[in-house]
Amino acid sequence: MDHIDLAVAAERWLWRKGTLKEPTVLQSFAFDETHRHLYVLQVTATGHARGDLCLNRLDYKGDRLGHMYLRGFGHGVSLGVQNASDGTVWIWTEADSAGGYGKGVTRFRFANGATRTVKDVKVRYPVAGSKNNQPTVCMAGRRIAVRYRLAGAPRYRVWDLDAFTARDYSAPVADFAQTGANPAPEVPFQGYALDRDHVYQLAGTAYDDTANLASAYGNTYLSCLDIRTGELVQQQRTEAGRSLVYREPEGLAVRHAGTPGLYLGLASGTAGERRFSLFRKVR
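Per-chain numbering applies: the sequence of each chain, read as written, is numbered from 1 onward. The predicted origin of the model limits local features to residues at a pLDDT of at least 70 and limits the giving and counting of side-chain atom pairs to 80 or more, whereas totals for whole chains, interfaces and linings rest on all residues. Based on all heavy atoms of the structure, the side-chain values leave hydrogens and waters out of the count.

1. What to know about the pairing of strand β11 (residues 143-150)
For clarity, the cut-off: Burial classification: accessible surface area is computed with a 1.4 Å probe over protein chains only, and a residue below 20% of its type maximum counts as buried, one above 50% as exposed, and the rest as partly exposed. By the criteria applied, helices consist of DSSP H or I runs no shorter than four residues and strands consist of E runs no shorter than two, each listed in order from the N terminus. When DSSP finds two or more bridges between a pair of strands, those strands are recorded as paired.
Taken across its eight residues, β11 has six buried, putting it largely inside the fold. Linking strand β10 (residues 131-138) back to β11 in an antiparallel pair, the connection comprises four residues, with Arg142 at a positive phi of about 50°.

2. Some details on the nonpolar core
As a reminder, the rule being used: Residue types Ala, Val, Leu, Ile, Met, Phe, Trp, Tyr and Cys, when buried and joined through side-chain atoms within 4.5 Å, form a set referred to as a nonpolar core. Only heavy atoms matter for contacts: two residues are in contact if any of them lie within 4.5 Å across the pair.
Within the largest apolar cluster, 19 residues are counted, with the highest numbers of intra-cluster contacts made by Tyr39, Leu55, Leu70, Ile91 and Phe108. Where this core is concerned, the elements lending two or more residues are β3 (37-43), β4 (53-58), β5 (64-71) and β7 (89-98). Not counting residues within four places of it along the chain, the set of residues in contact with Phe108 comprises Leu55, Met68, Leu70, Phe73, Val89, Trp90, Ile91, Thr93 and Val121.

3. Section: the packing of aromatic side chains
How we decide: Within 6.5 Å between ring centres, the rings of Phe, Tyr and Trp (the latter by its six-membered ring) count as paired, and their orientation is classed by plane angle as stacked under 30 degrees, edge-to-face over 60, tilted in between. Only when the NZ of Lys or the CZ of Arg is both within 6 Å of the ring centre and within 35 degrees of the ring normal is a charge said to sit over the ring.
Enumeration over the complete set of coordinates arrives at 15 aromatic pairs. Taken together, a centroid distance of 6.1 Å and an interplanar angle of 80° make the contact between Trp15 and Phe279 edge-to-face. Placement of Trp15 in strand β1 (residues 11-17) and of Phe279 in strand β20 (residues 273-282) is noted, with a sequence separation of 264 residues between them. You can call Phe279 buried: its relative accessible area is 6%. Ring centres of Tyr39 and Phe110 lie 5.7 Å apart, and the angle between their planes is 65°; on these two criteria the pair is classed as edge-to-face. Placement of the pair is Tyr39 in strand β3 and Phe110 in the loop between β8 (101-108) and β9 (115-117), with a sequence separation of 71 residues. Each member of the pair, Tyr39 together with Phe110, is buried. Over the ring of Trp90 we find Arg107; its NZ or CZ atom is 3.8 Å from the centre of that ring. Taking the ring centre of Tyr217 as reference, the NZ or CZ of Arg242 above it sits at 4.1 Å.

So this is what it looks like as structure tokens:
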């Protein structure tokens, strides 16, 4: 299947929602398309150094249905939703925080109001010696990807989801270097999503008064890599949500049912009262 065209105009889906449990920005999000739920990760207000996260479960209107806390898991750069054949919904996140980022990954079931620590889950370390592990799931292709750092360099590794779930990491579908996230290499990476044979990336910063002026509509870029070659397929600046105050890009997800396409997260508002918006580029 062809990749999603990043040059198409972005449509507003959810706008300046204030329904997340914590007053911080969203970090990433993912769809449970079977049950029409939207999961959103945040770093807690006081948990950056420890890697403490809040996982929100929302409906498709952006209203919160529940939340749970993940202590010592990581930064929440990405997450994945796995719909198992027995009906179980598994949430994949990074885990075992070191310096605020996960040394491994794990999966667990959502439990409203619960708190989980690393001791409560089984952490997987699929890439020996790696740091900053961040998973995402593509149910359409039944694959899982992990973005990781090895010797300081960011890379992607993709596996068959069933094999990975069975803890067989021996035959990845792909392993390639991260590239092309932003024309300026120093601009922060802000999320990614796997969709069959493509990885979509997000990079950019919040508006500021010097290098990233609101009047110029920001430095946020979307890009697409082909996992079969590791090559950059497309790179596109986006002005989606350009009128937002603060406007920091945070998180990507692909939706296949309903209105399929690539969904982009944007944080807005003032510190302690953050809001989030989601835009989409329809396939």
